[in-house]
Amino acid sequence: NTYNHKDLYEYLSEHFPKSDYLPYLKKYFQDNSTETTFAINYLKQNISSLSELQQIPEFKDKYIFIDLWASWCIQCRKEFIYNKQLQSVLKKYQDINILYISIDDDNFAEAWNNCIEHYKLKGIHLRASKELKENIKAQIYGSEEFTIPRYALLAPDGEVLHNNLPRPSNYTAIDEELKKILK
C-alpha cells in the first residue's frame, strides 16, 4: 500500500493487460467507490501468548477467529478480498470475535496500518511480539513450517480448537468447520 493504485492499474492495463493483479486492482476501485470510515481497534497490550488474549475484555468468554498475516504477504492480502463473506459467516455464530495478528516487524508498521485501512479490516488488530510469534509457532504450528496466511480458532478458555481453518476464499468450508466445532 505504498504505491499509487490508480497509476499501477493504468500501467498494468496498458503494458500487461493479462496480469493476474488487474482484477484485484479493479476490485479495489469498486470497493472504494463508496468510501466509508470505520474505527480500527488496535490491541495496545503486550501479548506474549495466546492464553493472554482471554484477559482482553473484547475476548472474555468469546471464541477467537485468528487471521495470521503480514503486509508483505500477497496471499494474505488476496484473502482480504473475501472479508465480507468471512464476516457474514462469523456472524452466524454467537460470541466469535476476529483477531488479525500480523507478524510484521517494526519496520513494516506503516505498511501494516495502510493494509488495515485499505482492506477495511473490521476486527481487532495486533502486531505480534517475538514472544507471541514463538507461542503461536508452538500452539498453532507445532512441528509444521511457520507459513502465512493461516487461520485458527480459539475457545473461550484459550484452547486451540482448530489450528488450520480454510482460507476466507473458501468461506463455505469455514462455515462447515465451524458447524462441526461449535454445534
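Residues numbered from 1 in each chain as written. Predicted model: local features only at pLDDT ≥ 70, side-chain atom pairs only at ≥ 80, totals over all residues. Heavy atoms only, no water.

Asks: Before we move on, can you summarise helix α5 (residues 109-118) with the specific residues and values?
Replies: Every buried residue belonging to α5 is among Ala-109, Ala-111, Trp-112, Cys-115, Ile-116 and His-118, and all of these are buried. Immediately downstream of α5, the backbone of Lys-120 shows phi near 50°, a positive value. (Buried < 20%, exposed > 50% of the residue type's maximum accessible area, 1.4 Å probe, protein only. Helix = DSSP H or I, 4+ residues; strand = E, 2+ residues; numbered from the N terminus.)

Asks: I'd love a proper account of the pairing of strand β2 (residues 63-69), names of residues and values included.
Replies: Across the 7 residues of β2, 6 count as buried, placing the element largely inside the fold. Two strands pair when backbone bridges link them, and β2 and strand β5 (residues 150-154) are joined in this way by 5 bridges, in the antiparallel orientation. Bridging from a neighbouring strand, Ile-66 pairs with Ala-152 of β5. (Pairing = 2+ DSSP bridges.)

Asks: I'd like to hear about the sheet that holds strand β3 (residues 96-102), residue by residue, with values.
Replies: With mixed pairing, 6 strands are arranged side by side in an open sheet as β1-β4-β3-β2-β5-β6. Unpaired on one side and paired on the other, β1 (41-42) and β6 (160-162) mark the two borders of the sheet. Relative to strand β4 (residues 124-127), β3 runs parallel, the two sharing 4 bridges. Paired with Ile-101 across the strands is Leu-126, a residue of β4. Relative to β3, helix α4 (residues 83-91) is tilted by about 140°, and along the sheet it contacts β2 and β3. (Contact = heavy atoms within 4.5 Å. Axes fitted to C-alpha atoms, helices over the stretch in contact; angles between N-to-C directions.)

Asks: Quick one: what's the story with the packing of α4 against helix α7 (residues 171-181), residue by residue and with numbers?
Replies: Relative placement of two packed helices is described by the angle separating their axes and the distance separating the axes. Interaxial distance between α4 and α7 falls to 10 Å at its minimum, and their mutual angle equals 20°. One way to sum up the angle between α4 and α7 is to call them roughly parallel. Relative to α7, the crossing made by α4 is right-handed. In contact with Gln-85, Leu-86, Val-89 and Leu-90 of α4, α7 contributes Tyr-171, Ile-174, Asp-175 and Leu-178. (Parallel < 35°, antiparallel > 145°, perpendicular 65-115°, else oblique. Left-handed = near helix turned anticlockwise from the far one by under 90°.)

Asks: Please give an account of the state of the cysteines that cites residues and values.
Replies: Here the structure, examined in full by the defined rule, presents 1 disulfide. One disulfide bridge connects Cys-73 with Cys-76, the sulfur atoms lying 2.4 Å from each other. Measuring handedness by torsion sign, the sulfur bridge of Cys-73 and Cys-76 sits at about 80° and is right-handed. Residue classification places Cys-76 among the buried positions, given a relative accessible area of 1%. Between Cys-115, a cysteine without a disulfide, and Cys-76, which holds the nearest cysteine sulfur, the sulfur-to-sulfur distance is 9.3 Å. Residue classification places Cys-115 among the buried residues on the basis of a relative accessible area of 0%. (Disulfide = S-S within 2.5 Å.)

Asks: An account of the packing of aromatic side chains is requested, with residue identities and associated values reported.
Replies: The full count for this structure, using the stated rule, is 6 aromatic pairs. For the ring pair Phe-80 and Tyr-119, a centre distance of 5.2 Å and an interplane angle of 55° mean the geometry is tilted. Note that Phe-80 is positioned in the loop between α3 (74-79) and α4 and Tyr-119 in the loop between α5 and β4, a separation of 39 residues in sequence. An aromatic cluster of three or more residues is present, and its members are Trp-69, Phe-80, Tyr-100 and Tyr-119. Arg-150 extends its terminal NZ or CZ atom over the ring of Tyr-141, reaching a point 4.4 Å from the ring centre. (Phe/Tyr/Trp six-rings, centres within 6.5 Å; stacked < 30°, edge-to-face > 60°. Lys NZ or Arg CZ within 6 Å of the ring centre and 35° of its normal.)

Asks: Tell me about α7, and please be specific about residues and values.
Replies: All of the buried residues in α7 are Ala-173, Ile-174, Asp-175 and Leu-178. Elements that come into contact with the buried residues of α7 comprise β2, α4, β3 and β5.

Asks: With reference to specific residues and values, describe the side chain of Asp-67.
Replies: Along the chain, the position of Asp-67 falls in strand β2. Although Asp-67 lies buried, it forms no salt bridge, and the closest oppositely charged side chain, Arg-167, sits 9.2 Å away as judged by the N-O distance. When sequence neighbours within four positions are dropped, the list of residues in contact with Asp-67 reads Phe-80, Leu-99, Tyr-100, Ile-101, Arg-150 and Tyr-151. (Lys, Arg positive; Asp, Glu negative; His and termini not counted. Salt bridge = Lys/Arg side-chain N within 4 Å of Asp/Glu carboxyl O.)

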